[in-house]
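# Report on the structure
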Amino acid sequence: MGEATPLWAPIALLGALCALGLAAAVLDAVLSGLPTASHPGDAVESPLRSGPLSAAGDPFREAARLLVQQRRRTSLADTLLVRVGVCGLLVVAVLAGVVLPLGDRPVADLAAGVVWFNAMEVGAWGALWLTGWGANSVYPLVGGYRFLAQGMAYELPHMFALITAALGAGSLRVGDVVAAQRGLWFAVWMPVAFAVYLVSALAMAFWGPMRGPVGPDIAGGVRAELSGPDRLLFQAGRHLLLAVVAAAAVPLFLGGGAGPLLPPWLWTSLKTAAVLALLVWSGRGLPTVRMDRFMWLSWLVLIPAALAQLLVVAVVVG
Amino acid sequence: MGLSAWLTRYAAARPRPLVVTAPHATRLRLLAEAELARRGWRGARSPAGADLLVVCGTPAAALSRAVEVVWTDVPAPRTLVELRGDPRPELVTTALDGAVDRLADVRSQRLDAAGRAGARDGRHGPAQPYDEHDGEHDDGEHHAEHGRHGEQGGQEHHGGHGGQHDQHSEHGGHGRHGEQGGQEHHGGHGGQHDRHGGHGHHMGNPGGVPMAERGRDRDGLTLDRLHVPLGPVLSDWPAGLVVETVLQGDVIQQARVEVAGGLGTERFWDAPWLAALEGRRVTRGEAARRGAASRLDSVGRLLAVAGWGGAATEARRLRDRLLWERRDEGVPEEFAGFARRVRRSWLLHWMLRGLGTPGLSPGRSRPGRDGVAARLDAWLDETGRALNALDDGSPLDDDAGPRGPVGDRPSEALLSALPGLLTGTELAAARLVVAGLDPDLDQVRPAREASHA
Amino acid sequence: MTAPPAAFWASAAFWGLAAVAVACGVAVFVVDSMARATFALLASLIAVGLSLLLIDLEYLGLVVILMMIMEMLVMAVFMIMYMMNPAGLMPMKMVHNNRGAALIAGTVFVLLASGVFLVPWPERTGTTPADPAHALGLSIMGPKMLVMMIVGVAILATMVSTTVLATDRGRRRGKGP
Amino acid sequence: MGLQAFLLLACALFSVGLYGVLSQQSIVMLMMGLELMINGLIAAGGAFWYHVAPAAADGQVLVLVAVTVMALEMAMGFAVTTAIFRAREVDITDEAGDLRG
């Protein structure tokens, strides 16, 4: 399918995704350290006082901790399914990234690239459900339920947002969508679709206000029973997924690698980092959206809005 | 030394603590939380995610059993810190420093892990599927399994813990396992077998774990029910509270409140008012400080449960400054900014709307005075007022504590209102309702405690 | 697909996917838990979806994968509602006339398979269009409009009837709680 | 991977599904059998399109219809199961058999 891609492309993709995922983790840690550190001259001075900079090391220490941690097994857990789920999350995140252009061309330039992205990202449903189910424990199961409910709510608006971008370009190929934005970014003339995409991006990476499936109120939800390397893989998968959905916003709505002076790959990275930072910030700055309310929002606001946007674009393009 | 030893030591500098608080240990909890925040250690949500278990205060029987279960659920490397006795900041600092040292002690951590792996293999063996089920098993291992569950007296009377534990996770289940009225009170080994007497298919209850029973639900389908205790070991949860729930899906069908008590009598939040009632001299300023901190604690907990981490940290930060650092300059202004942001968050108010108002279906809003959103508003108002009275030197002569008149022990009323408010809510809403009431279990008389001890 | 290596790899990929599809299909009725059965079925469906990618049906293959993942997960929810202890790894012997079913299925397979090799299939006419998805789109909006309309009506009818059947109130003519 | 290879795959999937439909008691499992049969249909439809008449879109339309039918079958199946379950608390075909009369 398509002409041969250079060998370095998949490696570059993996490297870029890992770097972005790690950046998301570090930024999140720093943000969570901020409010405590914002008061200089605290009365109690301790050698262990933490500032935002020392918090930046947290993800690395956490990874080290999980690497050497014992694996815990719950009684009657379906360990096979948990493993499939945990690894699946990582795999779908990377696969979804395959159609995204790094600079000017993606690893696999599929004719139905937008559909590919969507299909892979739906794979996260399966991954999360398996992880939540397999542990044979209440909170992960509830987390799994929540993600399915979330999926039902975000998937349709998400599809409409993707279709809007594809319709604007008249093609399902990601490269064509980028090319169609030479004049004007889609984010500018289809702002509703872009906003809907951002909301659904948070929902599919269960991040920020959409973190219900791994929410603190159900003891960490899907990941409540994960420990050791399993937990590390799950966390890595979640961060990669976030990185991928942030990266996809760039070719779909922000003109891809287009920009003055700098080379395309640098523009792509800059734009991706900006979207990623926005998504990560929402994790500290917004409360969690409850599923019944999000369902309502999705069906009564997001879907009609996305459809109206689709109609507008269809009229303009047609 | 190998790579894993290096990793262990590297990771030890940033443990993930899980804090368990017994009633009457609020002061210790606050000291511990302040110190953890100062060190930037992010709390764990579940035992599996933790490597440091911090127990504040002295748990009584039921709670200490729950702590034991949670401790066995924490994967190695792990360490336990028990804070009790004289609540001084130095005590907490030294104890946490010690925890870091123990976590970095590669040799003893390895011994711990090896010992536990062995013990687990002996105890939990891989669950053998078996399809004959008539109450008698030749297999000794299964007898052992049954015995283990039996000793715990069935789910309903279990000494409540986070619900993260295997015994509570029997989902699924099917309709034909006899008429299951009896699960609620079955005491042990025998009762579980009786329930399964009549079913006609070749399905055992795997590993001796009883299957879920069924009951009517709000959609008119009789689906599986789970008995899940919420608490007492749960993050951002009132210390010592256990809500025994019957869940269908994630909807609470029934709720019963129990208290897993702690030793001691201290009522930290009420202390200034109690002292004034005893005739000691307490200034209004001192009481206002305690009251403001108490409400900020409640606000922080509610925001944390609502998932707004940034704002929750801010509230707790203000609380710690009031209580421990006592440098008040700038606090009222900072609080005013914080309160404005919380009040303005339409997302938060949309999530809280209609919660905790009895008699109204969730989702339908009413500008009532008793819902979670209204309580949050009131907490913010009261905190603002109290912050203006920090310097009031006149003697305290009322008994209007942070949760109402301290002599009436208002939290007891909150606890009795809780089951009615929780029935019919989803878990997410239920957590917000509990955090919105935020009962202080230090106020609860020992007579109410641990009927299931 | 003219160069031997490409054809070889495509062929190898097809047979691999076919083996996975059939093996997972069999696994559906063999594995011990409902959860595993559901995901075995999903794996089988995805393998078929991927095999469509090999014959230039990129869009349809991906749509199959996308739809099937969503469907199977909805199924997983229902499965929990109605099935016995699905997580527990225990043998599910919920079959009737097992032997008869196997015999009939085996016979059908032999008949169909011999048909596959005996029937003189027509020669290939025409070539694959540059964009099969485009052709599909034109087709359902044009000549196959009738199909689309029937499918649309069927979806509508299903939506209405499922709601009526599934809700308590609908079935009892307004006497529900 | 000619037409016959694809059709062989389709036959195998269809037969396995048929076995499931005939043998399973649980409605949910029975539906899984049905889905496997339709899965075979999808493989066959795609193969006919590619190997017989790629210029016309008939094969593709067939696949699309099959996917839709699958979704409908599932929705109907679960609605029926829910209705039966509510009425009789069974989800087993044998036990639901006496509903016919």
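Residues numbered from 1 in each chain as written. Chains lettered and ligands numbered in written order. Predicted model: local features only at pLDDT ≥ 70, side-chain atom pairs only at ≥ 80, totals over all residues. Heavy atoms only, no water.

An unreviewed UniProt entry lists chain D under the name NADH-quinone oxidoreductase subunit K, with Streptosporangium carneum as the source organism. What the UniProt record of chain D gives under Sequence similarities (unreviewed entry) is the line "Belongs to the complex I subunit 4L family." We quote the UniProt Catalytic activity (unreviewed entry) comment for chain D here in full: "a quinone + NADH + 5 H(+)(in) = a quinol + NAD(+) + 4 H(+)(out)". (UniProt positions renumbered as here; feature names shortened; annotations may be inferred.)

As recorded in an unreviewed UniProt entry, chain A goes by the name NADH-quinone oxidoreductase subunit H 2, listed as coming from Streptosporangium carneum. UniProt, in its Sequence similarities (unreviewed entry) section for chain A, records the words "Belongs to the complex I subunit 1 family."

Right, let's get into the sheet that holds strand 2 (residues 52-56) of chain B. Sheet strands pair by backbone hydrogen bonding; their relative direction is either parallel or antiparallel. All names here are of chain B. Pairing within the open sheet is parallel, and its 3 strands lie in the order 1-2-3. Single-partner strands in this sheet number two, and they are strand 1 (17-21) and strand 3 (79-83). Along the sheet, successive strands turn relative to each other by an average axial angle of 15 degrees, direction set aside. Pairing analysis gives 5 bridges linking strand 1 to strand 2, with the strands arranged parallel. If you follow Val20 over to strand 2, its bridge partner there is Val55. Against the sheet, helix 4 (residues 89-104) makes contact with strand 2 and strand 3, and its axis sits at roughly 170 degrees relative to strand 3, the strand it touches most. (Pairing = 2+ DSSP bridges. Helix = DSSP H or I, 4+ residues; strand = E, 2+ residues; numbered from the N terminus. Axes fitted to C-alpha atoms, helices over the stretch in contact; angles between N-to-C directions. Contact = heavy atoms within 4.5 Å.)

Opposite the 78 residues of chain C that make contact, chain D presents 68 residues. Of the roughly 6700 Å² buried at the junction of chain C and chain D (both faces included), carbon and sulfur atoms supply 79%. Scanning the region where chain C abuts chain D turns up 0 salt bridges. At the boundary of chain C with chain D, the tally comes to 1 residue pair in polar contact (both at pLDDT 80 or more). (Buried area = accessible area lost by both parts, 1.4 Å probe. Salt bridge = Lys/Arg side-chain N within 4 Å of Asp/Glu carboxyl O. Polar contact = N/O pair within 3.5 Å; in protein donor to acceptor, adjacent residues only side chain to side chain.)

Turning next to the packing of helix 4 (residues 79-97) of chain A against helix 10 (residues 228-253) of chain A. Residues and elements named next belong to chain A. Two elements in contact, helix 4 and helix 10, have axes whose closest approach is 8 Å; the angle formed by their N-to-C orientations is 25 degrees. By the angle between their directions, the pair helix 4 and helix 10 is classed as roughly parallel. Our pair here, helix 4 against helix 10, has a crossing hand that is left-handed. Residues Arg83, Val86, Cys87, Leu89, Leu90, Ala93, Val94, Ala96 and Gly97 of helix 4 lie in contact with helix 10, whose contacting residues are Asp230, Leu233, Phe234, Ala236, Gly237, Arg238, Leu240, Leu241 and Val244. Class assignment for the residues of the contact of helix 4 with helix 10 results in 13 nonpolar, 2 polar and 3 charged. (Parallel < 35°, antiparallel > 145°, perpendicular 65-115°, else oblique. Left-handed = near helix turned anticlockwise from the far one by under 90°. Nonpolar A, V, L, I, M, F, W, Y, C, P; charged D, E, K, R; others polar.)

All names here are of chain A. Looking at chain A as a whole, its pLDDT mean stands at 81, while 89% of the residues score no less than 70. Of all secondary-structure elements in chain A, the lowest mean pLDDT belongs to helix 2 (residues 52-55), at 67, while helix 9 (residues 191-204) reaches the highest, 90. Confidence drops under pLDDT 50 across residues 37-48; counting only partners more than four residues distant or on other chains, this segment forms 20 contacts. (pLDDT = per-residue confidence, 0-100.)

This brings us to the pairing of strand 2 of chain B. Residues and elements named next belong to chain B. By the criterion of burial, strand 2 is predominantly enclosed, with 5 of the 5 residues buried. In this view, the connection linking strand 1 to its parallel neighbour strand 2 by way of helix 2 (residues 26-39) has left-handed handedness. Here strand 2 runs beside strand 3; their pairing, made up of 5 bridges, is parallel. Looking at strand 3, one finds that Cys56 is bridged to Leu83. Note that the unit made of strand 2, helix 3 (residues 61-73) and strand 3 has a crossover that is right-handed. (Buried < 20%, exposed > 50% of the residue type's maximum accessible area, 1.4 Å probe, protein only. Right-handed = clockwise from strand over helix to strand, strands pointing away.)

Moving on, we get to a nonpolar patch on the surface. Residues and elements named next belong to chain A. A surface patch of nonpolar side chains, about 500 Å² in accessible area, is lined by Leu156, Trp296, Trp299, Leu300 and Val301. At 4 residues, the largest contribution of residues to the nonpolar patch is made by helix 12 (residues 291-317). Looking at the secondary structure, you find Trp296 in helix 12. (Patch = residues over 30% accessible without salt bridge, like charges linked within 9 Å, V, L, I, M, F, W, Y side chains within 5 Å. Areas by Shrake-Rupley, 256 points an atom, 1.4 Å probe, with all protein chains shown as cover.)

Structurally, Ala76 of chain B is set in the loop between helix 3 and strand 3. Ala76 of chain B sits 28 residues away from Ala48 of chain B along the chain, and the two C-alpha atoms are 9.7 Å apart. If we ignore the near neighbours within four places in the chain, the residues touching Ala76 of chain B are Val68, Gln69 and Gln70 of chain A together with Asp112, Ala113 and Arg116 of chain B.

When the parts of a complex come together, some accessible area is lost, and that lost area is often used as the size of the interface. Contact residues are listed per partner, giving 22 residues for chain C and 25 residues for chain A. Of the roughly 2200 Å² buried between chain C and chain A on both sides combined, carbon and sulfur atoms contribute 82%. Summed over the three residues of chain C that lose the most area to chain A, namely Glu58, Leu62 and Leu66 of chain C, the buried surface amounts to 25% of that side. Where chain C packs against chain A, one counts 0 salt bridges. Looking at the side of chain C that touches chain A, the element that brings in the most residues is helix 3 (residues 58-82) of chain C, giving 14 residues. Each residue belonging to the side of chain C that touches chain A can be placed in one class, and the counts come to 19 nonpolar, 1 polar and 2 charged.

Right, let's get into the environment of Phe60 of chain A. Here Phe60 of chain A shows up in helix 3 (residues 58-68). Residues Phe60 of chain A and Val26 of chain A, 34 residues apart in the sequence, show an inter-C-alpha distance of 8.7 Å. If near-sequence neighbours (up to four positions away) are discounted, Phe60 of chain A is found in contact with Leu22 and Val26 of chain A together with Tyr10 of chain B.

Below, the discussion takes up the side chain of Gln181 of chain A. All names here are of chain A. Within the secondary structure, Gln181 sits in the loop between helix 7 (174-179) and helix 8 (186-189). Here Pro251 takes part through its backbone oxygen, which lies 2.7 Å from a polar atom of the side chain of Gln181. A distance of 2.9 Å separates the side chain of Gln181 from the backbone nitrogen of Gly255, its partner in a polar contact. With sequence-adjacent residues up to four places away left out, Gln181 is seen in contact with Phe186, Pro251, Leu252, Phe253, Leu254 and Gly255.

On to the UniProt feature "transmembrane region" (unreviewed entry) in chain D. In the numbering used here, UniProt assigns the "transmembrane region" (unreviewed entry) feature to residues 27-49 and 61-85 of chain D. This span, residues 27-49 of chain D, is 100% helix and 0% strand, and a straight line between its end C-alpha atoms measures 33 Å.

Residue and element names in this part refer to chain A. With numbering aligned to this structure, UniProt lists the feature "transmembrane region" (unreviewed entry) at residues 6-31, 80-102, 122-142, 154-172, 184-207, 240-259 and 294-317. End-to-end, the C-alpha atoms of residues 184-207 are 30 Å apart, and along that stretch the chain is 75% helix and 0% strand. The annotated region residues 294-317 carries 100% helix and 0% strand content, and the separation between its end C-alpha atoms amounts to 31 Å.

For the structure shown, the criterion picks out 31 salt bridges over all chains. For Asp176 of chain A, the salt bridge identified is with Arg173 of chain A, shortest N-O distance 3.9 Å. Accessibility expressed as a relative area gives 32% for Asp176 of chain A, which makes it partly exposed. A salt bridge links Glu33 of chain B to Arg29 of chain B; the shortest N-O distance between them is 3.2 Å.

Moving on, we come to the packing of aromatic side chains. A complete count under the given rule lists 18 aromatic pairs over all chains for this structure. Arranged with centres 6.4 Å apart and planes meeting at 40 degrees, the rings of Trp346 of chain B and Trp350 of chain B form a pair that is tilted. Note that Trp346 of chain B and Trp350 of chain B are positioned in helix 12 (residues 346-352) at a spacing of 4 residues, about one turn of the helix. Under the relative-accessibility criterion, Trp350 of chain B is labelled buried at 11%. What links up through ring pairs into an aromatic cluster is the set Trp129, Trp133 and Tyr145 of chain A. If you follow Arg78 of chain B out to its NZ or CZ, it ends over the ring of Trp71 of chain B, 3.9 Å from the centre. The aromatic ring of Phe268 of chain B is capped on one face by Arg290 of chain B, whose charged end is 4.1 Å from the ring centroid. (Phe/Tyr/Trp six-rings, centres within 6.5 Å; stacked < 30°, edge-to-face > 60°. Lys NZ or Arg CZ within 6 Å of the ring centre and 35° of its normal.)

All names here are of chain B. The first and last C-alpha atoms of helix 9 (residues 284-305) sit 31 Å apart over 22 residues, in line with the 32 Å expected at 1.5 Å per residue. Counted residue by residue, helix 9 has 20 buried out of 22 residues, so it is predominantly covered. Gly307 occupies a position one or two residues after helix 9 and carries a positive phi of about 85 degrees. (Expected span 1.5 Å × (residues − 1).)

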